[in-house]
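So you can see what is in the structure, the chains are spelled out below.
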Amino acid sequence: MRVKALALRLVIALAVLGVGLANADDRPRFGVRFDPEAVYLRVHKGTDDGFRNDYLGPGATRGVVRDVQEREVGTVVTVHADDFESVLRVEAFAAGKGLADIDHVAVPELKLGFLPFQVEPAGTYFRIDKGRAHLDPHVLKRAAKGRLHDEAGRVVAIYTVVTVGESESLGYVTQFAAGAFAHDVRTGDITGYLDQVVQGSGLANLSAGHLVMIAVGLLFLWLAIAKDYEPLLLVPIGFGILIGNVPLPLAIFNSVSLYMIDPVSREYVFNTGGNSVLGILYYGVRAGVFPPLIFLGIGALTDFQALLSNPKSLLLGAAAQIGIFATFLGALWLGFSPQSAAAIGIIGGADGPTAIFTASRLAPALIGPIAISAYSYMAMVPIIQPPIMKLLTSREERLIRMKPGRKVSRFEKIAFPIMGLLVTSLLAPGGLPLLGMLFFGNLLKESGVTGRLAKTASSALLDTCTILLGVAVGASTSADVFLTRQSVLIFALGCVAFASATAGGVLFAKLMNVFSTDKVNPLIGAAGVSAVPDSARVVHMVGQAEDPGNFLLQHAMGPNVAGVIGSALAAGVFLGLF
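Basis of the calculations
Residues numbered from 1 in each chain as written. Predicted model: local features only at pLDDT ≥ 70, side-chain atom pairs only at ≥ 80, totals over all residues. Heavy atoms only, no water. Helix = DSSP H or I, 4+ residues; strand = E, 2+ residues; numbered from the N terminus. Rg over C-alpha atoms; globule rule 2.2 N^0.38 Å. Buried < 20%, exposed > 50% of the residue type's maximum accessible area, 1.4 Å probe, protein only. Areas by Shrake-Rupley, 256 points an atom, 1.4 Å probe, with all protein chains shown as cover. Lys, Arg positive; Asp, Glu negative; His and termini not counted. Charge placed at Lys NZ, Arg CZ, Asp CG, Glu CD. Salt bridge = Lys/Arg side-chain N within 4 Å of Asp/Glu carboxyl O. Contact = heavy atoms within 4.5 Å. Polar contact = N/O pair within 3.5 Å; in protein donor to acceptor, adjacent residues only side chain to side chain. Pairing = 2+ DSSP bridges. Phe/Tyr/Trp six-rings, centres within 6.5 Å; stacked < 30°, edge-to-face > 60°. Lys NZ or Arg CZ within 6 Å of the ring centre and 35° of its normal. Axes fitted to C-alpha atoms, helices over the stretch in contact; angles between N-to-C directions. Patch = residues over 30% accessible without salt bridge, like charges linked within 9 Å, V, L, I, M, F, W, Y side chains within 5 Å.

Draft legend 1. Representation of the overall build of the protein in the model. Scanning the protein for helices and strands turns up 22 helices and 15 strands. Whereas a compact globule of 578 residues would reach a radius of gyration of roughly 25 Å, the protein reaches 31 Å, over 25% beyond that. Seen through its principal axes, the protein has C-alpha atoms that stretch 100 × 65 × 45 Å. Counting the 578 residues in the protein, one finds 52% classified as buried. A total of about 26300 Å² of accessible surface is found on the protein, and carbon and sulfur atoms cover 65% of it. In the protein, which carries 45 positive and 43 negative side-chain charges, the distance between the mean positions of the two groups comes to 10 Å.

So, in C-alpha cells, the structure goes:
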C-alpha cells in the first residue's frame with residue numbers, strides 16, 4: 001500500500017509538471033531592452049508624500065538632482081511609487097555633469113528640498129515593449145513575474161514587473177542565472193501562478209548532473225550503513241550530498257544554497273549573504289574552524305604509547321608522507337597552481353581534516369572535491385591497501401612477529417604532547433592550528449586532572465564538529481559546481497596519493513629491515529597513512545590472514561599516529577611556503 005501511495009503521488013507530481021510545461025507556449029511574450037546609460041535612484045518617499053504614478057505619462061511626479069552647492073545637476077521622473085518609497089529615472093544630466101556629481105534629490109512641487117537616495121544596481125531595470133494597450137491588464141500588471149531568455153531560448157534570469165504603462169512597461173531582474181548578463185537577454189515571458197509553482201519545484205530544475213551526485217550520495221550512505229565503511233564520516237557526507245543536490249529554482253537559490261551567484265561576476269561563489277543556513281554552516285569549513293576542533297578531539301582519543309614504546313615507527317609515519325609530495329608534483333605537472341597542488345597533495349596523508357584545513361587556506365574553491373576525495377579513500381582503506389601490501393611483501397615478511405613494546409611511564413606520556421608541540425611547531429609553524437590542538441587534546445587526556453575536558457573534547461565536541469563538517473562538505477558538492485574536469489583529476493590524483501603513501505610506508509619498512517637487527521613486519525608501514533585507526537586495523541587483519549597468532553594492531557598504531565603528525569607537518573610546510 002505504501003508503494004502504491006508513493007507511486008500515485010509521483011504520478012500526480014509529474015502530471016502537474018507536465019501541465020505546466022505543456023502551457024509553456026501559451027505564456028505572454030515580449031521583447032526586452034536594457035538601457036546601459038539609464039540611471040535609477042530610490043528615495044524613501046512615496047504616494048503618502050504626494051508622489052504620483054504615470055509611467056511615461058505627463059502625470060508622473062518630476063524633480064531635480066542637485067550637487068552639494070545646490071546647483072542643478074539633472075532632472076528625474078518617477079517610474080514607480082508605492083506608499084513609502086519611489087524609484088526615479090534620471091531623464092537628463094546637465095552639460096558636463098554625471099552621477100558622481102549628485103548629492104541629493106529635490107521635488108519642488110511637493111516642497112521636498114532634500115531627499116537622500118540610493119543608486120539602483122546597473123543592468124537590473126529593463127524596458128518591456130508591451131503595455132496595457134497590448135496585453136490583458138490582469139496578466140501584465142505590477143508584481144507579475146516571469147523569465148527572461150537569450151537568443152537560443154535558454155532561461156537567463158527571472159524578473160518582476162515594476163510598473164505598467166500604456167505602450168511600454170518596466171521590469172526588474174531579481175536574479176540572473178550563472179554566467180548570464182544583461183546583454184544576453186532578448187525576450188521574456190509572463191508566468192501564471194501554476195507556472196510559478198511548477199518552475200519552483202525540484203522536478204522542473206532537475207538535471208542529469210543532480211541525478212549523478214544523488215547517486216553518489218546514496219552510494220556513500222550504502223557503504224556506511226551496509227558495509228560499515230567509516231559510517232561516522234560517510235553518513236553525514238552522504239546525506240550532505242543529497243542536501244546539496246536538491247535542485248533549487250533561481251528565485252530561492254541565493255537564500256538556500258551553500259553557493260550564491262555573484263552579482264558582479266555571475267559565477268558560483270560560496271554564500272556570504274548571511275541568509276543561507278548552509279552558507280553559515282560552511283563558514284566553519286571555509287574559515288578552518290572545524291578541522292582544529294576535530295584534531296582536539298582526536299588528540300583526546302589518541303594513545304601515543306605505541307609510538308613512544310617504539311620510536312622507530314615515527315620514521316614509518318614520515319615515510320608514508322611520500323604520497324603527499326608525489327601527488328603535489330603530479331598536480332603541478334597537470335597544470336594546477338602551486339597552491340592548489342599543495343592542497344591536493346595532502347589527500348595522500350589520508351587525513352580529511354588536514355586536507356580540508358589546507359584547502360581552506362590555499363585553494364578554497366577546491367575544498368569540495370578535495371574533501372570528498374580524501375574521505376572517500378579513507379573509507380576505502382580496507383579495499384585499496386591490502387592488494388598493495390601483498391604485492392610489495394613476501395609471505396615470509398608478512399609472517400614476521402615483532403617484540404612487544406616497552407612500558408611507557410606516565411611522565412613520558414605527559415611530556416610528549418608538550419615537547420611534541422614545541423618541536424613540530426618550530427619545524428613547521430604553519431601547522432600550529434592543527435598540531436597545537438592535537439597535542440593539547442592529548443595533554444587533556446594524559447594529565448589525569450582534566451578528565452571532564454578530555455571527555456567533552458573526545459565525545460560531544462568531536463561528534464558535533466564531525467556532523468557539521470560532514471554535512472557542510474557534502475552539501476558543497478552541488479552538481480552545478482562539483483562536476484568539472486578538475487574534480488575528476490583530483491579524484492585520480494587522490495588515488496595515486498593514497499596508493500603511493502601506502503607503498504612508501506611498506507617499502508621504507510623493508511629498507512629498515514636491511515639495516516636493523518630487530519626486524520619489523522613491513523605491513524605496519526602501510527599504517528603510516530593517518531587514517532586512524534582503520535589503517536592499523538587493516539594491517540592487523542592482513543597479518544592475521546597469514547598467521548592468526550600474529551597480533552600487529554598495537555605495533556601498527558605507532559606509525560598510524562605518527563602519520564597524523566606527519567600529514568599535519570607536511571601541511572604546515574605547504575602553508576609556510578605558499
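Still more ground to cover, so stick around.
Draft legend 2. The pattern of salt bridges, seen in detail. Evaluation of the coordinates by the stated rule reveals 20 salt bridges. Residue Arg52 pairs with Glu109 through a salt bridge whose shortest N-O separation is 3.1 Å. A residue pair is termed long-range when its members are at least 10 positions apart, and Arg52 in the loop between strand 2 (40-43) and strand 3 (62-66) and Glu109 in the loop between strand 6 (104-107) and strand 7 (112-115) qualify at 57 residues. Under the relative-accessibility criterion, Arg52 is labelled partly exposed at 36%. Put simply, Arg132 and Glu166 hold a salt bridge, and the shortest N to O gap is 3.5 Å. Note that Arg132 is positioned in the loop between strand 9 (125-128) and strand 10 (145-149) and Glu166 in the loop between strand 11 (155-164) and strand 12 (169-176), a separation of 34 residues in sequence.

Draft legend 3. Inspection of the environment of Val235 at higher detail. Locating Val235 in the fold gives a position in helix 4 (residues 231-244). Overall, Val235 belongs to the partly exposed group, its relative accessible area being 31%. The sequence separation of Val235 and Val216 amounts to 19 residues, and the corresponding C-alpha distance is 12 Å. Contact partners of Val235, with chain neighbours within four places excluded, come to Leu221, Ala224 and Ile225.

Draft legend 4. Main features of the side chain of Glu397. By the element assignment, Glu397 lies in helix 15 (residues 395-398). Looking at Glu397, its side chain comes within polar contact range of the side chain of Lys510, at 2.9 Å. Residues contacting Glu397, with those up to four places away along its chain left out, are Leu392, Lys510, Asn521 and Pro522.

Draft legend 5. The side chain of Asn271, seen in detail. Secondary-structure assignment places Asn271 in the loop between strand 15 (268-270) and helix 6 (277-286). Polar side-chain contacts of Asn271 include one of 3.3 Å to the backbone oxygen of Tyr259. Those residues in contact with Asn271 that lie beyond four places of it in its chain are Asn254, Ser257, Leu258, Tyr259, Met260, Ser276, Gly279 and Arg286.

Draft legend 6. View of the pairing of strand 3. With 5 bridges connecting them, strand 3 and strand 4 (residues 72-81) associate as antiparallel partners. When the sheet's bridge partners are listed, Arg62 is paired in strand 4 with Val77. Connecting the antiparallel pair strand 3 and strand 4 is a turn made up of 5 residues, with Glu70 showing a positive phi of about 65°. The pairing of strand 3 with strand 6 spans 3 bridges and is classified as antiparallel. Residue pairing across strands places Val64 opposite Ala106, the latter belonging to strand 6.

Draft legend 7. Here's a closer look at the packing of aromatic side chains. Scanning all chains against the criterion turns up 17 aromatic pairs. Taken together, a centroid distance of 5.0 Å and an interplanar angle of 50° make the contact between Phe304 and Phe416 tilted. Placement of Phe304 in the loop between helix 7 (290-301) and helix 8 (305-309) and of Phe416 in helix 16 (residues 410-427) is noted, with a sequence separation of 112 residues between them. Look at Phe416 and you get buried, because its relative accessible area is 18%. Each residue in the set Phe30, Phe34, Phe126 and Tyr159 is aromatic and connected to the rest through ring pairs, giving one cluster. Its guanidinium or amino end placed over the ring of Phe357, Arg361 lies 5.5 Å from that ring's centre, counting from NZ or CZ.

Draft legend 8. Quick peek at the sheet that holds strand 9. Taken together, the 6 strands give a closed barrel; going around it, the order is 1-9-12-11-10-13, and neighbouring strands pair in antiparallel fashion. Pairwise comparison of adjacent strand axes, ignoring direction, gives a mean angle of 40° for this sheet. Pairing of strand 1 (residues 29-33) with strand 13 (residues 187-191), which is carried by 3 bridges, proceeds in the antiparallel orientation. Among the inter-strand pairings, Phe30 is bridged to a residue of strand 13, identified as Gly188.

Draft legend 9. The arrangement of a nonpolar patch on the surface in detail. A contiguous nonpolar patch, built from Ile418, Met419, Leu422, Val423, Leu426 and Leu427 and spanning about 620 Å² of accessible area, is present on the exposed surface. Mapping Leu427 onto the fold places it in helix 16. Take Leu427: its relative accessible area is 64%, and that puts it in the exposed class.

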